[in-house]
Amino acid sequence: MRIPHTHLHQPGETVLDNYAGSCTTAVAASRTGRKYIALGRDERHAADGMERLKNMQLTLF
């Protein structure tokens, strides 16, 4: 997941993920020095995604 960010966005730029789900894009952005905006509709997924970002897990399981 890191490759698209390294080609499309420079470190310090902001990545928009308007289908955040489990926040995979946000984790990749954070790990490669990018900022992120993660949007989602499901509160359960949002809570899981925020926890994942807090713990910086690379996998869900």
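Source: prediction; values computed, not measured.

Draft legend 1. A look at the overall build of the protein chain. Assigned secondary structure in the protein chain consists of 3 helices and 2 strands. When its helices and strands are written in sequence order, the protein chain yields α-β-α-β-α. When the 61 residues of the protein chain are sorted by exposure, 25% land in the buried category. A sequence separation of at least 24 residues applies to 40% of the contacts in the protein chain between residues at least 6 apart. Just so you have it, the protein chain exposes about 4,500 Å², and 57% of that area is on carbon and sulfur atoms.

Draft legend 2. Summary view of the pairing of strand β2 (residues 35–38). Sheet topology places strand β1 (residues 14–17) next to β2; 4 bridges connect them, and they run parallel. Each residue of the ladder has a partner; that of Asp17, found in β2, is Ala38. In this region the chain leaves β1, passes through helix α2 (residues 24–31) and returns to the parallel neighbour β2; the handedness of that crossover is right-handed.

Draft legend 3. Structural view of a negative patch on the surface. A surface patch of negative charge is lined by Asp42, Glu43, Asp48 and Glu51. Within the fold, Asp42 resides in the loop between β2 and α3 (43–55).

Draft legend 4. Local environment of a nonpolar patch on the surface. On the surface, Leu16, Ile37 and Leu39 cluster together into a nonpolar patch covering about 280 Å² of accessible area. Here Leu16 lies in strand β1. Judged by relative accessible area, which is 55%, Leu16 ranks as exposed.

Draft legend 5. Quick peek at α3. Given a rise of 1.5 Å per residue, 13 residues ought to cover 18 Å, and the 18 Å separating the end C-alpha atoms of α3 matches this to within 8%. Listed in full, the buried residues belonging to α3 are Gly49, Arg52 and Leu53. Here the buried residues of α3 occupy an arc of 95 degrees about the axis, which is enough to place them on one side. Seen from the buried face of α3, the exposed residues on the opposite side, beyond 90 degrees, are Glu43, Arg44, Met50 and Lys54. Structurally, α3 contributes buried residues whose contacts are with α2 and β2. Two or three places before Arg44, at the start of α3, stands the capping residue Asp42, its side-chain oxygen 2.8 Å from that residue's backbone nitrogen.

Calculation rules
- Residues numbered from 1 in each chain as written.
- Predicted model: local features only at pLDDT ≥ 70, side-chain atom pairs only at ≥ 80, totals over all residues.
- Heavy atoms only, no water.
- Helix = DSSP H or I, 4+ residues; strand = E, 2+ residues; numbered from the N terminus.
- Buried < 20%, exposed > 50% of the residue type's maximum accessible area, 1.4 Å probe, protein only.
- Contact = heavy atoms within 4.5 Å.
- Areas by Shrake-Rupley, 256 points an atom, 1.4 Å probe, with all protein chains shown as cover.
- Pairing = 2+ DSSP bridges.
- Right-handed = clockwise from strand over helix to strand, strands pointing away.
- Patch = residues over 30% accessible without salt bridge, like charges linked within 9 Å, V, L, I, M, F, W, Y side chains within 5 Å.
- Salt bridge = Lys/Arg side-chain N within 4 Å of Asp/Glu carboxyl O.
- Lys, Arg positive; Asp, Glu negative; His and termini not counted.
- Charge placed at Lys NZ, Arg CZ, Asp CG, Glu CD.
- Expected span 1.5 Å × (residues − 1).
- Arc of directions from axis to C-beta.
- Polar contact = N/O pair within 3.5 Å; in protein donor to acceptor, adjacent residues only side chain to side chain.

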